[in-house]
Amino acid sequence: MKAWLLHLGVLALLVLAWFVLPPYHTGNLARILVLAVYAQGFNLVFGYAGLLSLGHALFFAAGLYGLGLSIQQFGLPALPAIGVALFFSAAVAAVTGYLALRTRGVAFMIVTLMFAQTGYLVVLYAGTWTRGDEGFVIARAARTLFGLDLADERIRYFAALTLFAIVFLSLAALVSSGFGRSLVAIRENEERARLLGYDVQRIKWRAIIVSGVVSGAAGAAYALLFGYAGATFASVQYSILPLLWVLLGGPGTTIGPLIGTVFMFYLVDFASEITDAYLLLVGLALIALTLFLPRGIAGELRRRGLTWLP
Amino acid sequence: MEFGPHLVLALLEGSITAAVLALTAAGLALVFGILRVVNVAHGEFFMLGAVLAWFISTTLAEAFGAGPAIGFVAALLLAPPATALVAIAADRLVLRRIGYDPERTIVATIGLLYVLQQATLMSFGPEARPVEPPFNTRIALPWPERVDGSWALGWPWGFGTTSYKLFVIVAAVAVLVGLWLLLRHTRLGLIMRATEQDRDMARAFGIPVTRVYALVFGLGAALAALGAVLVVPIQQAHYLMGGDPLLLSFIVVIIGGLGSVGGTVVAAVLIGLTDGVVSVFFSATLAKIIATLLVAMVLVFRPQGLFGKASAR
C-alpha cells in the first residue's frame, strides 16, 4: 500500500513539476524522463536479476534506429514505426541475450560489451543510411502521434511522462509478481533457485528481453520526441550511463533509476558549463559509488529504516 | 606496385601492430591472470605512456636542447615507471578497498578510465602531438622482377620501411623475452606464479599477496606504457588513443586464453598481422565488426580461448 502511494505520489509530483518549474527545467525533465525509462530497463536486468550488462546501448540504439530509419527511409507514420522499434529491440535482445547467457560473470560483461560494440560499428558502417556520428534529424512533420505535435514543448513533456508512468507502474507490478521474486531469488542464490526447480536460464532470458524492449522504447521515444538519431547513442558511453544512473539511485529499487538519472543529469549539466572534461565527473562518481555507496541512494534509505521501500 | 610488395608492406605494418599489441596485451593478461580482475582502464595506461613520452622529450628539448635520441631514451626509461606509479596509486586507493571483487572492479576501472582520460584532456589538451623518432633511416627493399626473360632484383618505388620501425619489433621481442625470464627464472616470478595459482596458500606461506597485487598491477600498466612509448614516434600522442589498444588487447587476451601470457603473445602476432593485412585490403570498420563479433562468439562457445586449456575460470 505504502509502495503504491509512493509511486502515485512521484507521478503526481512530476505532473505538478510542469506547472511550477521554469521552461529550462521542464525541457530537461522531459529528457530525463525518457532516459529514466532506459535506466529502469537496465535496472530490471542489473538490479533485480543481478546480471551486469555492459551493452545496453545496443537495445537503446535498436529502438532509436528502428524508429528513426523506418520513418526516414521507409516513410512510415510514427505509430507503426514505434511498433517496428519495439519488435526490433525485442529481437535483438532475444538473440544477443540467448548467446550472452551461455557465459557468466566477467565473460558476460565482456560479451555484452562486444555485442554493443559490434552494433556501434554497424551503425558507422551503414553510414549511407544512418549518417554515422553526424546522425540525422527526423522532420517535425513526421513526429505526430494521434494528431498531436510531439515537437511542442507541453505535448512532449506529457508524452515523456506518460511513457515513464506506464513503464514505472508496470515494472513495479512486475518486480513484485512471482516473476520478479524469482529474479531476486536467482540474484541472491542461483544454485538454490535452480535446486527449487526454477528454470534459471529461461527466467533470466525473459528478463533480458523485457529489459531490451523497455530500453528500446526509451530509444524510440528519444528519437521521436527530440527528433534526432546519431551514433553516439550506440557507443560504449551509452552502455555505461544507465549503469551509473542505476548505481547512484539504487539498484533493485523501483524509484532508484529516476533518482539517479535526475542527480547525474544535473551534475553533468553543471559540470559541462565549467569544463569540457565533464566526463571526469562521471568517472569520479563511478569510483566513489563502488567505494562508498554500493547500494545507491534508495538502497541506502531502505537499509536505514525505510524497509518498505519497493 | 603489384600485389606482392603490397602484401609484404601490409605484413610489415602488421608486425609493428603485433609487437606493440603483444606488450600491451601481455600487461592485461598478467593482471587478469594474477589479480583475476579485468582492468578496463588498461588502454588509458597506454595513452599515459604516450603522453608522458611526448612530455619528457619536449621538456628535455626545450630546457636543455636535447636531441630526439636523448629525449626518446629518457622517455623509454621514465614513462613506464611513472605510469606504473599511477597504477599502483589506483590499486591502493580503489582496487584494494573493494577487495578485487571482479564485477565491482570493472565498474571502478571504467571510472578510472574516464578520470585518466579527462584529466589528460584538461592538462595535455585535445591536440594530437608528435614525438620525433631517435633515428629514422629509410630502408628501401628489393623485389624480384622479370627483366628480359630472367629474374633480377628491382627496387619498386615506395617499397621500403624505416630503421625505427624495425627497432620497434626488435625492442618488443627483447622486452617479452625479459618478461618471460622474469616470470620463469627469478624469485619474484616464482612468487607471482604462486600467487596466481592459489592466493590463500601463497598467503599462508608468508607471501605478501596485496603487495604482489600492487606490483603486478603496476607492471601491467608499465608494459602498456612501454608499448606506447615505442609506437608514439610513428603514431602521435592523443588523449583518446587508449580505445583501440584496449579493444585489441581484450580480443588478444580472450583469443589467447584468458590470463595466459604465452597464448596472449601468439594471439597478438596473429591479430596484429591479420589487422595489418585486412586494413590494407578491406574497410577498417568492416574488419573491426568481424573481429569484435568473432571475439564475442569465442567467449560464448569457447570460454577458455582458442589456445587455452579448460581452466578454473
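Below: a short report on this structure.

What counts and how
- Residues numbered from 1 in each chain as written.
- Chains lettered and ligands numbered in written order.
- Predicted model: local features only at pLDDT ≥ 70, side-chain atom pairs only at ≥ 80, totals over all residues.
- Helix = DSSP H or I, 4+ residues; strand = E, 2+ residues; numbered from the N terminus.
- Rg over C-alpha atoms; globule rule 2.2 N^0.38 Å.
- Buried ≥ 20, exposed ≤ 12 C-beta atoms within 10 Å, placed from the backbone.
- Contact = placed C-beta atoms within 7 Å.
- Core = buried A, V, L, I, M, F, W, Y, C linked by C-beta atoms within 7 Å.
- Nonpolar A, V, L, I, M, F, W, Y, C, P; charged D, E, K, R; others polar.
- Pairing = 2+ DSSP bridges.
- Expected span 1.5 Å × (residues − 1).
- Axes fitted to C-alpha atoms, helices over the stretch in contact; angles between N-to-C directions.
- Parallel < 35°, antiparallel > 145°, perpendicular 65-115°, else oblique.
- Left-handed = near helix turned anticlockwise from the far one by under 90°.

This part covers the overall build of chain B. Scanning chain B from N- to C-terminus turns up 11 helices and 4 strands. Here the C-alpha atoms of chain B give a radius of gyration of 21 Å, agreeing with the 20 Å that 2.2 N^0.38 yields for 313 residues. For chain B, the C-alpha atoms occupy an extent of roughly 75 × 55 × 40 Å along the three principal directions. The 313 residues of chain B split such that 44% are buried. Within chain B, counting contacts between residues at least 6 apart in sequence, those at least 24 apart form 76% of the total.

With that out of the way, let us pick up the environment of Ser211 of chain A. Residues and elements named next belong to chain A. Its place among the elements puts Ser211 in helix 10 (residues 200–226). It is 8.1 Å that separates the C-alpha atoms of Ser211 and Asn43, two residues lying 168 residues apart in sequence. Once residues within four sequence positions are removed from consideration, Ser211 is found in contact with Gly41, Phe42, Leu44, Val45 and Ala93.

On to the nonpolar core, then. Core analysis: the largest hydrophobic core is formed by 200 residues, its most contacted members being Val37 of chain A together with Ala53 of chain B. At 17 residues, helix 8 (residues 209–235) of chain B tops the list of elements feeding residues into this core. Sequence-distant contacts of Val37 of chain A, defined by excluding residues within four places in its chain, comprise Leu163, Phe164, Val167, Val214, Ala217, Ala218 and Ala221 of chain A.

Below, the discussion takes up the interface of chain A and chain B. Opposite the 32 residues of chain A that make contact, chain B presents 32 residues. Looking at which element gives the most residues to the side of chain A that touches chain B, the answer is helix 5 (residues 106–125) of chain A, with 13 residues. Classifying every residue of the side of chain A that touches chain B by side-chain character gives 23 nonpolar, 7 polar and 2 charged.

Okay, the pairing of strand 3 (residues 150–154) of chain B next. Residues and elements named next belong to chain B. A small share of strand 3 lies buried, amounting to 0 of its 5 residues. As defined by bridge partners, strand 2 (residues 143–147) adjoins strand 3 across 5 bridges and the pair is classed as antiparallel. When the bridges of strand 3 are listed, Pro144 appears paired with Leu153. Connecting the antiparallel pair strand 2 and strand 3 is a turn made up of 2 residues, with Asp148 showing a positive phi of about 50 degrees.

Along its 14 residues, helix 13 (residues 279–292) of chain A runs 20 Å from first to last C-alpha, staying within 8% of the 20 Å computed at 1.5 Å per residue. For helix 13 of chain A, the complete set of buried residues consists of Leu279, Leu280, Leu281, Val282, Gly283, Ala285, Leu286, Ile287, Leu289 and Thr290 of chain A.

Quick look at unusual backbone geometry now. Residue and element names in this part refer to chain A. At Arg131, a residue that is not glycine, the phi angle is positive and equals roughly 55 degrees. In this fold, Arg131 is placed in the loop between helix 6 (127–130) and strand 1 (136–137). A tally of 17 C-beta atoms within 10 Å means that Arg131 is categorised as partly exposed.

Here the focus is the packing of helix 2 (residues 42–64) of chain B against helix 9 (residues 243–255) of chain B. Packed helices, taken two at a time, are described by the angle their axes make and the gap between the axes. All names here are of chain B. At a minimum axis separation of 8 Å, helix 2 and helix 9 run at an interaxial angle of 135 degrees. When the interaxial angle is binned, helix 2 and helix 9 end up oblique. The handedness of the crossing between helix 2 and helix 9 comes out as right-handed. Contacts from His42, Gly43 and Phe46 in helix 2 reach Gly243, Pro245, Leu246 and Ser249 in helix 9. Grouping the amino acids of the contact of helix 2 with helix 9 by side-chain chemistry returns 3 nonpolar, 4 polar and no charged.

Residues and elements named next belong to chain B. Between helix 2 and helix 3 (residues 68–95), the shortest axis-to-axis distance is 8 Å and the interhelical angle comes to 140 degrees. Judged on the interaxial angle alone, helix 3 and helix 2 are oblique. In the crossing of helix 2 with helix 3, the sense of the turn from one axis to the other is right-handed. The class makeup of the residues in the contact of helix 2 with helix 3 is 18 nonpolar, 4 polar and no charged.

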